[in-house]
Amino acid sequence: MDISPRPEWTDYFLDIAKAVGRRSTCLRRQYGAIIVKDHIIISTGYNGAPRGESNCIDTGICERERCNVPKGERYELCVAVHAEQNAIINADPVKMKGATIYIVGYNSDGTLASGQPCLLCRRMLCNAMVEKAIYLDTDGSIIEVAPKDIKN
């Protein structure tokens, strides 16, 4: 029996964030995020419509895709809550202080999308007192940054 080597913590949590993203209801991109403190998962989130509202995968319509809106623009057209936002909403505020968020994203064609938080998510992460963001970039590299240092 061939046993794979045990993953490092960062790879382990990024793999879990990827799995969480599979629950995404977005037609354009799937993102998953997990908030971790002391190697314990505090919360998870994926991008999708707010609870009780129609999901893009159910309606078959992505307004931003229909209008050919580039990534990072015209978020007001999108019905989705970002994965980072859902992870923050679902977490205990006390436990987030000093925590790390891991983010993984994929485009609809299966290629990696940058997991870098947008400026709104950056502000929310700062307010939640999340200390570090670790995400996969489009080339598969692992980026580690303090939310206050994120520049878009």
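Residues numbered from 1 in each chain as written. Predicted model: local features only at pLDDT ≥ 70, side-chain atom pairs only at ≥ 80, totals over all residues. Heavy atoms only, no water.

1. Section: the pairing of strand β5 (residues 132-136)
To keep things clear, this is the line we draw: Throughout, exposure labels follow a simple rule: accessible area from a 1.4 Å probe, protein chains only, divided by the maximum for the residue type, with under 20% read as buried, over 50% as exposed, and the rest as partly exposed. Helix numbering and strand numbering both begin at the N terminus, where a helix is a DSSP run of H or I of at least 4 residues and a strand a DSSP run of E of at least 2. Any two strands with at least two DSSP bridges between them are considered paired.
The element β5 is extensively covered by neighbouring structure, given that four of its five residues are classed as buried. With four bridges joining them, strand β3 (residues 100-107) and β5 adopt parallel strand pairing. Residue pairing for β5: Ile 103 is matched across the bridge by Tyr 135. Taken together, the four bridges between β5 and strand β6 (residues 142-145) define a ladder with antiparallel strand orientation.

2. Quick look at helix α6 (residues 119-127)
The test is simple: In this context, the arc is that of the directions from the helix axis out to the C-beta atoms. Any two residues whose heavy atoms approach within 4.5 Å are treated as being in contact.
Considered for burial, the residues of α6 that qualify are Cys 121, Arg 122 and Leu 125. Projected onto a plane normal to the axis of α6, the buried residues spread over an arc of 105° and lie on a single side. Buried residues along α6 sit against α4 (83-89) and β3. Downstream of α6 by one or two residues, Met 129 has phi in the positive range, about 65°.

3. With respect to the UniProt feature "binding site: Zn(2+)" (unreviewed entry) in the protein
What counts, and what does not: UniProt positions are given in the numbering used here, feature names are shortened, and annotations may be inferred rather than shown by experiment. Using a grid of 1 Å spacing that covers the protein atoms alone, one calls a set of points a cavity when a 1.4 Å probe fits there but cannot get out, and a pocket when the set is open and has protein on both sides within 12 Å along at least five of seven lines; lining residues are those with an atom within 4 Å of a point.
Annotation from UniProt places "binding site: Zn(2+)" (unreviewed entry) at His 82, Cys 118 and Cys 121. These annotated residues cover 40 residues of sequence, and their C-alpha atoms all fall within 9.2 Å of one another, placing them together at a single site. Lining residues of the largest pocket drawn from the annotated list: His 82 and Cys 118. Relative to the assigned elements, His 82 resides in the loop between α3 (63-66) and α4.

4. Notes on helix α1 (residues 9-21)
Selection rule: Multiplying one less than the number of residues by 1.5 Å gives the expected span of a helix.
The terminal C-alpha atoms of α1, which comprises 13 residues, lie 18 Å apart, in line with the 18 Å expected from a rise of 1.5 Å per residue. Buried within α1 we find Phe 13, Leu 14, Ala 17, Val 20 and Gly 21. Mapping the buried residues of α1 onto a view down its axis gives an arc of 115°, with all of them on the same face. Buried residues along α1 sit against β1 (29-37), β2 (40-46), β3, β5 and β6.

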